[in-house]
Amino acid sequence: MPRHSAAVYRRRRLVTLVALIVFVAFIVTAVWLLVARPWASATDATPSPTPSASSTPVAPTASTTPDPTAAESPAPAPEPSSEETPGIVACEAQDVEVTAVTDADTYQAGVLPQLSISLTNRGASDCAIDVGSTTQVLTVSSGSDVWWRSTDCQENPSSMIATLAAGATVTSKVPVTWDRTRSSVETCAQENRARAPGGGASYHVAVEIGGFKGAATKQILLY
């Protein structure tokens, strides 16, 4: 039997080694395919149904049906005025104290006095009084000379009946401004009306409201 050369043995060993590697690779691949099952996600998984519009739950909405109790509940009645309130009588002169109020006692040149009216019910019961601008009169005098009267150039006077509680004192919210000129119904639109002298001149403010006059006047000084 002829003896093979070393080269032939080396080729046989190489072929055998390659065949062994291929066989081992085949075994490993087969085991991986059996265990990992990479196709399972495409064949075994059951697709979840897509929710349709009809199966989607709808949140409940507020009912538009009116509440029957709201329809049956009476609307709140307006606050009764003194004319409608039983037991409220008109104020009487002996019960009402009217006082002139000013924002200062002395006024420097160019400063305009702010005049108000204070009301006090000295009686034991509440009473009704008209405190509207129709019944308000503020007068500024120097001695016997009347310089200014609030009603001379008053616009759109109105009435307002109010209840004055027993023992209460109220003051007009919006003061009346005296422009330090002489007023007259004939000169309301004039811009060059005579101006009241200053230099420490004394003036007296008298007030009246609801038909009741203040018992005393308030003195002010103009500079």
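See the structure printed just above.
Parameters and conventions
Residues numbered from 1 in each chain as written. Predicted model: local features only at pLDDT ≥ 70, side-chain atom pairs only at ≥ 80, totals over all residues. Heavy atoms only, no water. Core = buried A, V, L, I, M, F, W, Y, C linked by side-chain atoms within 4.5 Å. Buried < 20%, exposed > 50% of the residue type's maximum accessible area, 1.4 Å probe, protein only. Helix = DSSP H or I, 4+ residues; strand = E, 2+ residues; numbered from the N terminus. Contact = heavy atoms within 4.5 Å. Pairing = 2+ DSSP bridges. Phe/Tyr/Trp six-rings, centres within 6.5 Å; stacked < 30°, edge-to-face > 60°. Salt bridge = Lys/Arg side-chain N within 4 Å of Asp/Glu carboxyl O. Patch = residues over 30% accessible without salt bridge, like charges linked within 9 Å, V, L, I, M, F, W, Y side chains within 5 Å. Areas by Shrake-Rupley, 256 points an atom, 1.4 Å probe, with all protein chains shown as cover. 1 Å grid on protein atoms, 1.4 Å probe; cavity = no way out; pocket = protein on both sides within 12 Å on 5 of 7 lines; lining within 4 Å. Points joined across faces, edges and corners; volume = space filled by probe spheres on them. Nonpolar A, V, L, I, M, F, W, Y, C, P; charged D, E, K, R; others polar.

**Some words on the nonpolar core**
Ranked by size, the top nonpolar core spans 25 residues in total, and within it V98, L119, W178 and Y203 carry the most contacts. Residue assignment for this core shows that the elements contributing at least two residues are strand 2 (96-102), strand 4 (114-121), strand 5 (127-130), strand 6 (137-142), strand 7 (145-149), strand 11 (201-209) and strand 13 (218-222). Looking at which element gives the most residues to this core, the answer is strand 11, with four residues. Residue contacts for L119: discarding those within four places in its chain leaves V96, E97, V98, I129, V131, L164, A168, T169, V170 and I209.

**Description of the sheet that holds strand 1 (residues 89-90)**
Read from one edge of the open sheet, three strands run 1-5-8, paired in mixed fashion. This sheet does not close on itself; its edge strands, each paired only once, are strand 1 and strand 8 (161-164). As paired elements, strand 1 and strand 5 share two bridges and run parallel to each other. Bridge assignment links V89 to a residue of strand 5, and that residue is C127.

**A look at the packing of aromatic side chains**
Going through the model one piece at a time under the given rule, you end up with one aromatic pair. Seen from their ring centres, W178 and Y203 are 5.5 Å apart, and the 65° between their planes marks the pair as edge-to-face. Here Y203 lies in strand 11 and W178 lies in the loop between strand 10 (176-177) and strand 11, a separation of 25 residues in the sequence. Taken individually, W178 and Y203 each receive the classification buried, so the pair is uniform in this respect.

**Observations regarding the pattern of salt bridges**
Counted by the stated rule, this structure contains five salt bridges. Residues R122 and E97 are paired through a salt bridge, measuring 3.0 Å at the closest nitrogen-oxygen approach. Highlighted residues: R122 in the loop between strand 4 and strand 5 and E97 in strand 2, separated in sequence by 25 residues. Across the salt bridge formed by D179 and R193, the nearest N and O atoms sit 3.0 Å from each other. On the criterion of sequence distance, the pair formed by D179 in the loop between strand 10 and strand 11 and R193 in the loop between strand 10 and strand 11 is long-range, its members being 14 residues apart.

**Quick look at a nonpolar patch on the surface**
A surface patch of nonpolar side chains, amounting to about 300 Å² of accessible area, comprises L17, L20 and I21. Looking at the element boundaries, I21 is found in helix 1 (residues 6-36).

**So, the layout of surface pockets**
Empty space left among the atoms is revealed by rolling a probe the size of a water molecule over them. The computed volume of the largest pocket comes to approximately 420 Å³. In this structure, the largest pocket is lined by 22 residues; those nearest its centre are V131, Q136, T171, S172 and K173. Contributions of two or more residues to the lining of the largest pocket are made by strand 4, strand 8 and strand 9 (169-171). Along the lines of polarity and charge, the residues of the lining of the largest pocket split into 13 nonpolar, eight polar and one charged. By volume, the second largest pocket is sized at about 160 Å³. Elements with a minimum of two residues in the lining of the second largest pocket: strand 7 and strand 10. Along the lines of polarity and charge, the residues of the lining of the second largest pocket split into three nonpolar, four polar and three charged.

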